[in-house]
Amino acid sequence: CSMSEALQQLGASLRRDRRCGIGCDVVLRCGDTDIPAQLSVVCALSPVLSKALTGAFKETAARAIELPDVDPAHVAFALDHCCGAVEDIDPQMALPLLSLADRWQMKPLQSSCESALRAMLDASNAKAIAEGARACNCPDLAADAQLLADDESTVLQSLSARKLRLAHAVTCLREDAARH
């Protein structure tokens, strides 16, 4: 078995164990939903969560982190993804996951979210992606999305100006025809 296959098997075992509660010794509490996890895995995936669970904080003794403002589906996806799940990132989840990855310093998830957002980037979502990327410290993605948003805005302004000139020309032609 190759190293890549061994890592995939390890990730699959960690995901399965977490979902079944095997070896779970911490809880990520999202509102009313408890997500069990393995301390060693959480600490390896996120330096922020690692400090919360191993530092001089109440979370250390309680072995639980309260996350009232975080969607449990996003937390579960983030844990699975960082343990090697190769699921595509749902476009509806991409910006919230990017925000979570930024908050928790989960670099692999952040990179995957940036790739997913680039793949879905178009004129209809460029402004929202630019704003989200700026908020999540992704300057390259923010710049690319802003460029597309600006281009779209320039095109729309140009079309609006052209439409106004055309409307004016039609009005002049009608007035001219009415005089003759």
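Calculation criteria
- Each chain has its residues counted from 1, following the order in which its sequence is written.
- Only residues with pLDDT of at least 70 get local features here, since the model is predicted, and only at 80 or more are side-chain atom pairs given and counted; chain-wide, interface and lining totals rely on the full set of residues.
- Side-chain descriptors were evaluated using all non-hydrogen atoms of the structure, hydrogens and water having been removed beforehand.
- Only DSSP runs of H or I covering at least 4 residues are called helices, and only runs of E covering at least 2 are called strands; the numbering of each starts at the N terminus.
- What a helix is expected to span follows from its residue count: subtract one and scale by 1.5 Å.
- Buried residues are those whose accessible area, probed at 1.4 Å on protein chains only, stays under 20% of the maximum for their type, while exposed residues exceed 50% and partly exposed ones sit between those limits.
- Here a residue-residue contact requires only that any non-hydrogen atoms of the pair lie within 4.5 Å.
- Between any two strands, pairing holds if DSSP finds at least two bridges.
- A patch consists of residues whose relative accessible area exceeds 30% and which take part in no salt bridge; residues with like charges are grouped when within 9 Å of each other, and nonpolar side chains (Val, Leu, Ile, Met, Phe, Trp, Tyr) when within 5 Å.
- For the accessible areas, the method is Shrake-Rupley and the probe is 1.4 Å, while residue cover comes only from the protein chains on display.
- The working definition used for a salt bridge is a side-chain nitrogen of Lys or Arg within 4 Å of a carboxyl oxygen of Asp or Glu.
- Whenever a helix is involved, its axis is fitted only over the stretch in contact; in every case the axis is a line through C-alpha atoms, and angles between N-to-C directions fall within 0 to 180 degrees.
- Only buried residues count toward a nonpolar core, which is a set of Ala, Val, Leu, Ile, Met, Phe, Trp, Tyr and Cys residues joined through side-chain atoms within 4.5 Å.

Student: Would you mind showing me how to read helix α6 (residues 91–104) here?
Tutor: The periodicity of an α-helix, 3.6 residues per turn, causes residues three or four positions apart to be oriented the same way. In this model α6 runs 20 Å from its N-terminal to its C-terminal C-alpha over 14 residues, within 8% of the 20 Å that 1.5 Å per residue would give. Where α6 is concerned, the buried positions are Met93, Ala94, Leu97, Leu98, Leu100, Ala101, Asp102 and Trp104. Check the buried side of α6 and you find it contacts α3 (47–54), α5 (72–82), α7 (107–120) and α8 (126–135). Positive backbone phi, approximately 55°, marks Gln105, located one or two places after α6.

Student: Looking at this structure, how should I read unusual backbone geometry?
Tutor: Residues apart from glycine generally show negative phi values, whereas peptide bonds are mostly found in trans. Within the chain, Gln105 stands out as a residue other than glycine whose phi angle is a positive 55°. Among the secondary structure elements, Gln105 is positioned in the loop between α6 and α7. Owing to a relative accessible area of 41%, Gln105 belongs among the partly exposed residues under this scheme. Of note in this structure, Asn137 is not a glycine but carries a positive phi near 60°. Here Asn137 is to be found in the loop between α8 and α9 (139–179).

Student: It is not clear to me how the pairing of strand β2 (residues 33–37) should be interpreted in this structure. Could you clarify?
Tutor: Consecutive side chains along a regular strand alternate between the two faces of the sheet. Bridge count between strand β1 (residues 26–30) and β2: five bridges; the pairing is antiparallel. Among the inter-strand pairings, Cys30 is bridged to a residue of β2, identified as Thr33. Where β1 hands over to β2, the hairpin turn is made up of two residues, of which Gly31 adopts a positive phi near 65°.

Student: For this particular structure, what's the right way to read a nonpolar patch on the surface?
Tutor: A cluster of nonpolar side chains, Met3, Leu7 and Leu10, forms an exposed patch at the surface whose accessible area comes to about 340 Å². If you trace the backbone, Leu10 turns up in helix α1 (residues 3–20). Accessibility expressed as a relative area gives 47% for Leu10, which makes it partly exposed.

Student: Please explain the sheet that holds strand β3 (residues 64–66) as it appears in this structure.
Tutor: Backbone-to-backbone hydrogen bonds join strands into a sheet, with any given pair of strands oriented parallel or antiparallel. Taken together, three strands build an open sheet; the order of strands is β2-β1-β3 and the sheet is mixed. The sheet is open, and its two edges are formed by β2 and β3, each paired on a single side. With direction set aside, neighbouring strand axes in the sheet form an average angle of 20°. Note: β1 against β3, three bridges, orientation parallel. The partner of Val27 across the bridge, within β3, is Ala64. Set on the sheet, α5 makes contact with β1 and β2; between it and β2 the angle comes to about 10°.

Student: Looking at this structure, I do not really get the side chain of His74. What am I missing?
Tutor: Counting through the fold element by element, His74 comes out in helix α5. Filtering out sequence-adjacent residues up to four positions away, His74 remains in contact with Met93, Pro96, Leu97 and Leu100.

Student: What's the story with the nonpolar core in this structure? I'm lost.
Tutor: Nonpolar side chains in soluble globular proteins generally cluster together in the buried interior. Among the nonpolar cores identified, the biggest contains 42 residues, and Leu67, Val75, Leu79, Ile89, Leu97, Met106 and Leu109 are the most heavily contacted of them. Once residues within four sequence positions are removed from consideration, Leu97 is found in contact with His74, Phe77, Ile89, Leu109 and Cys113.

Student: Sorry if this is basic, but what is going on with the pattern of salt bridges here?
Tutor: Pairing is possible between side chains that carry opposite charge, provided their charged atoms lie close to one another. Taken as a whole and judged by the stated rule, the model has seven salt bridges. A salt bridge links Arg29 to Asp34; its shortest N-O distance comes to 2.7 Å. Salt-bridge contacts for Asp69 lead to Arg103; the nearest nitrogen and oxygen are separated by 3.5 Å. Here Arg103 lies in helix α6 and Asp69 lies in the loop between β3 and α5, a separation of 34 residues in the sequence. Judged by relative accessible area, which is 58%, Asp69 ranks as exposed. A single salt-bridge network, built from bridges that share partners, covers Arg18, Arg19 and Asp80.

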